[in-house]
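# Analysis of the macromolecular model
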Amino acid sequence: MNVLFVAGAAAVTPEGLVAEPHFFVLQFPAMLFVLAVFRIGTLTARDGVLGRPFGYILLGTCVFVTVVSYVLS
């Protein structure tokens, strides 16, 4: 939600918001994936605790996106 607020606030300029092409290929789908995994994790959580498998998936996604973003730039 923070990314959406910051991106929306930054887009209110005469130039608009300029995004790199790989943003829509890698980073935006990764954000949607993380949001979906987190949502599924919270729906299936017991006692408000996100399970270890969901943590591994989220951590792996973070590492994957960081490495691929570094390689692409």
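So, here is what we can say about the structure in this document. (Residues numbered from 1 in each chain as written. Predicted model: local features only at pLDDT ≥ 70, side-chain atom pairs only at ≥ 80, totals over all residues. Heavy atoms only, no water.)

## Some words on helix α2 (residues 21–44)
A turn of α-helix holds 3.6 residues, and therefore any two residues three or four places apart point the same way. Threshold: Every helix listed is a DSSP run of H or I at least four residues long, and every strand listed is a run of E at least two residues long, numbered separately from the N terminus. Helix span, as expected, comes to 1.5 Å for every residue beyond the first. The quantity called bend is, for any residue, the angle between two axes fitted respectively to the seven residues ending at it and the seven beginning at it. Accessibility here uses a 1.4 Å probe with only protein chains present; expressed as a share of the type maximum, an area under 20% marks a residue as buried, one over 50% as exposed, and anything in between as partly exposed. Contacts are assigned to residue pairs with any non-hydrogen atoms lying within 4.5 Å of each other.
Along its 24 residues, α2 runs 35 Å from first to last C-alpha, staying within 8% of the 34 Å computed at 1.5 Å per residue. At Q27, α2 shows its strongest bend, of approximately 30°, with the proline P29 following within four residues. Taken as a whole, α2 has its buried residues at L26, A30, V37 and G41. Taken together, the buried residues of α2 touch α3 (52–72).

## Considering unusual backbone geometry
Look at D47: it is not a glycine, yet its phi comes out positive at around 60°. Tracing the backbone through its elements, the reader meets D47 in the loop between α2 and α3.

## A short note on the packing of α2 against α3
Counted only if it meets this: Angles here are taken between N-to-C directions and fall from 0 to 180 degrees, while the axes themselves are lines fitted to C-alpha atoms, restricted in helices to the stretch in contact. Each angle is binned into one of four classes, with values under 35 degrees roughly parallel, values over 145 roughly antiparallel, values of 65 to 115 roughly perpendicular, and all other values oblique. Residues are grouped as follows: Ala, Val, Leu, Ile, Met, Phe, Trp, Tyr, Cys and Pro are nonpolar; Asp, Glu, Lys and Arg are charged; every other residue, Gly included, is polar.
Where α2 contacts α3, the two axes come as close as 10 Å, and the packing angle between them is 175°. With respect to α3, the axis of α2 lies roughly antiparallel. Each of H22, L26, Q27, A30, F33, V34, V37, F38, I40, G41 and T44 in α2 lies in contact with α3, whose residues at this interface are F54, I57, L58, T61, F64, V65, V68, S69 and L72. In terms of residue class, the contact of α2 with α3 is made up of 14 nonpolar, six polar and no charged.

## Describing a nonpolar patch on the surface
Selection rule: The patch calculation keeps residues exceeding 30% relative accessible area without a salt bridge and links them within 9 Å when they carry like charges or within 5 Å when they are nonpolar (Val, Leu, Ile, Met, Phe, Trp, Tyr). For the accessible areas, the method is Shrake-Rupley and the probe is 1.4 Å, while residue cover comes only from the protein chains on display. A pair is scored as a salt bridge if a Lys or Arg side-chain nitrogen falls within 4 Å of a carboxyl oxygen belonging to Asp or Glu.
There is a patch of nonpolar side chains on the surface, built from F24, F28, M31, L32 and L35 and spanning about 480 Å² of accessible area. Among the secondary structure elements, L35 is positioned in helix α2.

## With respect to the packing of aromatic side chains
Applicable threshold: Pairing of aromatic rings covers Phe, Tyr and the six-membered ring of Trp, with a centre-to-centre limit of 6.5 Å; geometry is then stacked below 30 degrees between planes, edge-to-face above 60, and tilted otherwise.
Using the criterion set out here, one finds two aromatic pairs in the structure. With a centroid separation of 5.0 Å and an interplanar angle of 85°, the aromatic rings of F23 and F24 are classed as edge-to-face. Looking at F23, the relative accessible area reads 22%, which means it is partly exposed. By relative accessible area, F24 is classed as exposed at 54%. Ring centres 6.1 Å apart and planes at 45° place the aromatic pair F23 and F28 in the tilted group. An aromatic cluster of three or more residues is present, and its members are F23, F24 and F28.

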